[in-house]
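Letter by letter, the chains look like this.
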Amino acid sequence: MSYLKVLHCSFCVKHGIYGLSTKSVLLKIGQGKEIQQLAKISTSHHWRSKLPITTQTQSLQNVKGKNIPIDNRAWKETLTLDIKNNMGNYCMMLSKFRLTSLVVMTSMAGYALAPAPFNFTTFALCAVGTGLVSSAANSINQYHEVPFDAQMSRTKNRVLVKGLLEPIHAISFAAVTSATGLGVLYFGVNPLTAALGAGNLLLYTSVYTPMKRMSILNTWLGSVVGAIPPLMGWAGCTGSLDAGALVLGMVLYSWQFPHFNALSWNLRPDYSRAGYRMMAVTDPGLCRRVALRHTGIITATCIASSYLDVTNMWFALESLPLNLYFMYLAWQFYKKSDSGSSRKLFRFSLIHLPALMLLMLVNKKYWSSSETQEHKDVMKSQDLNKLPESKRLTVLPRGPVVTAQETDLSKN
């Protein structure tokens, strides 16, 4: 004895449905005679219903002790995406708003720490331009990595992966924000800041993004990308780059290694599945060593900043406990190599950077370029006073020059 399952074909003009219905017919076949046991099937509910067909759960039908699954699922109408009403939220997702906010914060710190007069208009334009350029870079990054983001739990809900936006939307958003941001930096701040922004945009989108699937050197290159925004802020304030800007850039460069290495440690399955060449995947030992090494570099850089006339000596003392605890967490991560120690290091890195920037601002040594020039003049005068009298040069004040003319006595 056997049973044959037959699906009923339905046609619905109202909802545009034509295909197999969820209703079924069981045909009982035995001893060469076909006995039909048909359930009453009616398609009138398709015509009377004002709602689209909803998805139903899968049920089981018991036939002589055997559970035969019955697929009661049906097509459901997909809602039209309202892009116009959600465009603001989608743009924030394209720009990676939290990451862009961190980039803008470091740029603002670079501007505030520079030894030049503070101009609020230039400061605001520098922050806006940096944020727009960062948004463009993140949008292009998502455009290139859609198939890889779809394989990672951390990135599978991005707008392009979920189909909330089309790729053309991401490219258009990047084109508008990059052109606007670079224009603001060039005309509103200065050409040097705009050049740094343009170089960082190309470095992030054209070199760092493809290198993530080629070599672990992408982490070092990505740290360079993260170190440029504070240089943009410094250049926006002073119009040049000096030792103070390099100190700030070094702090940002080194900070990204313990920050990202700790983050990537717990995401190793995702990165491996997507094919990204990260230190945590290809060389876990190097990942831990580099994180610990650069916390020490941050500590040494903060101490050296007072000798380079960027901050005063109080900054070296006040930042020391903060940096030592950062080193301690990196040491724990190096020794234990577990998810708990990496998570602690990552979370503290989010506190460490703002706290360090605040301490640098409070202990800033010079608040204007005039103070810097006065300090240099004082140092020159002190160096001259140390010279012996025989080696000093006396500069006389400049007066009128009297020229003697020869007179021809023969003419008189």
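Chains are numbered independently. Their residues run from 1 in the order of the written sequence. Local features in a predicted model are, by the rule used here, given only for residues with pLDDT of at least 70; side-chain atom pairs are given and counted only at 80 or more, and totals for whole chains, interfaces and linings are based on all residues. Hydrogens and water are ignored here; the side-chain numbers use all heavy atoms of the structure.

Some thoughts on the overall build of the protein chain
When its secondary structure is counted, the protein chain shows 16 helices and 5 strands. When accessible area is computed with a 1.4 Å probe and restricted to protein chains, residues below 20% of their type maximum are described as buried, those above 50% as exposed, and intermediate ones as partly exposed. Taken across its 412 residues, the protein chain has 39% of its residues classed as buried. Here, two residues are considered to be in contact whenever any of their heavy atoms come within 4.5 Å of each other. Nonlocal contacts in the protein chain, meaning residues at least 24 apart in sequence, comprise 67% of its contacts between residues at least 6 apart. For every accessible area listed, the method is Shrake-Rupley and the probe measures 1.4 Å; residues are considered covered only by the protein chains on display. Of the accessible surface of the protein chain, which amounts to about 24200 Å², a share of 61% is contributed by carbon and sulfur atoms. Segments assigned H or I by DSSP are reported as helices when at least four residues long, segments assigned E as strands when at least two residues long, and all are numbered from the N terminus.

Things to note about the packing of aromatic side chains
Geometry of aromatic contacts follows a simple scheme: Phe, Tyr and Trp rings, the Trp one being its six-membered ring, pair when their centres are within 6.5 Å, and the pair is stacked under 30 degrees between planes, edge-to-face over 60, tilted otherwise. Taken as a whole, this structure holds 16 aromatic pairs when the rule is applied. Feature note: the residues Tyr111, Phe118, Phe120 and Phe123 constitute an aromatic cluster, connected by ring pairs. Comment: the charge-over-ring label is applied if NZ (Lys) or CZ (Arg) is within 6 Å of the ring centre and within 35 degrees of the ring normal. If you follow lysine 212 out to its NZ or CZ, it ends over the ring of tyrosine 276, 4.9 Å from the centre.

Comments concerning the side chain of threonine 209
With respect to the secondary-structure elements, threonine 209 resides in helix α8 (residues 191-211). With relative accessibility at 5%, the residue threonine 209 sits in the buried group. Separated by 3.1 Å, the side chains of threonine 209 and asparagine 141 make a polar contact. Here the side chain of threonine 209 touches tyrosine 204 through a polar contact of 2.8 Å, landing on its backbone oxygen. Any N or O atom pair separated by 3.5 Å or less is treated as a polar contact, with the protein-specific requirement of one donor-capable and one acceptor-capable atom, and with residues adjacent in sequence counted only for side-chain atom pairs.

Some thoughts on the side chain of glutamine 256
Topologically, glutamine 256 is positioned in helix α10 (residues 243-265). In contact with glutamine 256, other than residues within four places in its own chain, are Gly222, Ser223, Gly226, Ala227 and Asn261.

Concerning the confidence of the model for the protein chain
Counting all residues, the mean pLDDT for the protein chain is 79, and 69% of those residues have values of 70 or more. Here residues 10-30 is a poorly scored stretch, pLDDT under 50, and it has 69 contacts once near neighbours within four places are set aside; other chains count. The quantity called pLDDT is the predictor's confidence in a given residue, expressed from 0 to 100. Note that residues 369-373 has pLDDT below 50 and, in this model, 7 contacts with residues that lie over four places away or in other chains.

Re unusual backbone geometry
Backbone geometry places lysine 96, a non-glycine residue, at a positive phi of 50°. Of note, lysine 96 is situated in the loop between α2 (83-94) and α3 (97-113). Among the residues examined, lysine 96 registers a relative accessible area of 16% and is labelled buried. The phi dihedral of serine 337 falls on the positive side, at around 55°, and the residue is not glycine. Its relative accessible area of 21% is what places serine 337 among the partly exposed residues.

Details of the environment of leucine 263
Along the chain, leucine 263 turns up in helix α10. Owing to a relative accessible area of 23%, leucine 263 belongs among the partly exposed residues under this scheme.

Details of the nonpolar core
To form a nonpolar core, buried Ala, Val, Leu, Ile, Met, Phe, Trp, Tyr and Cys residues must be joined to one another through side-chain atoms within 4.5 Å. By size, the foremost hydrophobic cluster in this structure holds 56 residues, and its most contacted members are Leu345, Leu356 and Met357. When near neighbours in sequence (up to four residues on either side) are disregarded, methionine 357 contacts Ala109, Leu248, Val251 and Leu252.

Some thoughts on the pattern of salt bridges
We define a salt bridge as a contact between a side-chain nitrogen of Lys or Arg and a carboxyl oxygen of Asp or Glu at a distance within 4 Å. All told, the structure shown has 3 salt bridges when counted by the stated rule. Salt-bridge contacts for lysine 212 lead to glutamate 145; the nearest nitrogen and oxygen are separated by 3.1 Å. With lysine 212 in the loop between α8 and α9 (218-238) and glutamate 145 in the loop between α4 (120-144) and α5 (146-149), this residue pair connects regions lying 67 residues apart in the sequence. Overall, glutamate 145 belongs to the buried group, its relative accessible area being 3%.

Some points on the packing of α8 against α9
Helix-helix packing is described using two parameters, namely the angle between the two axes and the distance between the axes. Between N-to-C directions, angles span 0 to 180 degrees; the directions come from axes that are lines fitted to C-alpha atoms, helices contributing only their stretch in contact. Running from N to C, α8 and α9 cross one another at 165°; their axes reach a closest spacing of 9 Å. Considered as vectors, α8 and α9 are oriented roughly antiparallel to each other. Helix-helix and strand crossings are classified by hand; for α8 and α9 the assignment is left-handed. Residues Leu192, Thr193, Leu196, Gly197, Asn200, Leu203, Tyr204, Val207, Tyr208 and Met211 of α8 form the contact with α9, whose participating residues are Asn218, Leu221, Gly222, Val224, Val225, Ile228, Pro229, Leu231, Met232, Ala235 and Gly236. Three residue categories are used. Nonpolar comprises Ala, Val, Leu, Ile, Met, Phe, Trp, Tyr, Cys and Pro, charged comprises Asp, Glu, Lys and Arg, and polar comprises the others, including Gly. When its residues are assigned to classes, the contact of α8 with α9 shows 15 nonpolar, 6 polar and no charged. Between 65 and 115 degrees an angle is taken as roughly perpendicular, under 35 as roughly parallel, over 145 as roughly antiparallel, and anywhere else as oblique. Crossing handedness is defined as follows: a turn of the near helix away from the far one that is anticlockwise and smaller than a right angle gives a left-handed crossing, while the clockwise case is right-handed.

A closer look at the packing of α10 against helix α13 (residues 284-307)
One can describe the packing of α10 onto α13 by two numbers: an axis separation of 8 Å at closest approach and a directional angle of 155°. If you check the angle between α10 and α13, you find them roughly antiparallel. For the element pair α10 and α13, the recorded crossing hand is left-handed. Residues Val247, Met250, Val251, Tyr253, Ser254, Trp255, Phe257, Pro258, Asn261 and Trp265 of α10 touch α13, and the partners they reach there are Pro284, Cys287, Arg288, Val290, Ala291, His294, Thr295, Ile297, Ile298, Thr301 and Ser305. Partitioning the contact of α10 with α13 into residue classes produces 14 nonpolar, 6 polar and 1 charged.

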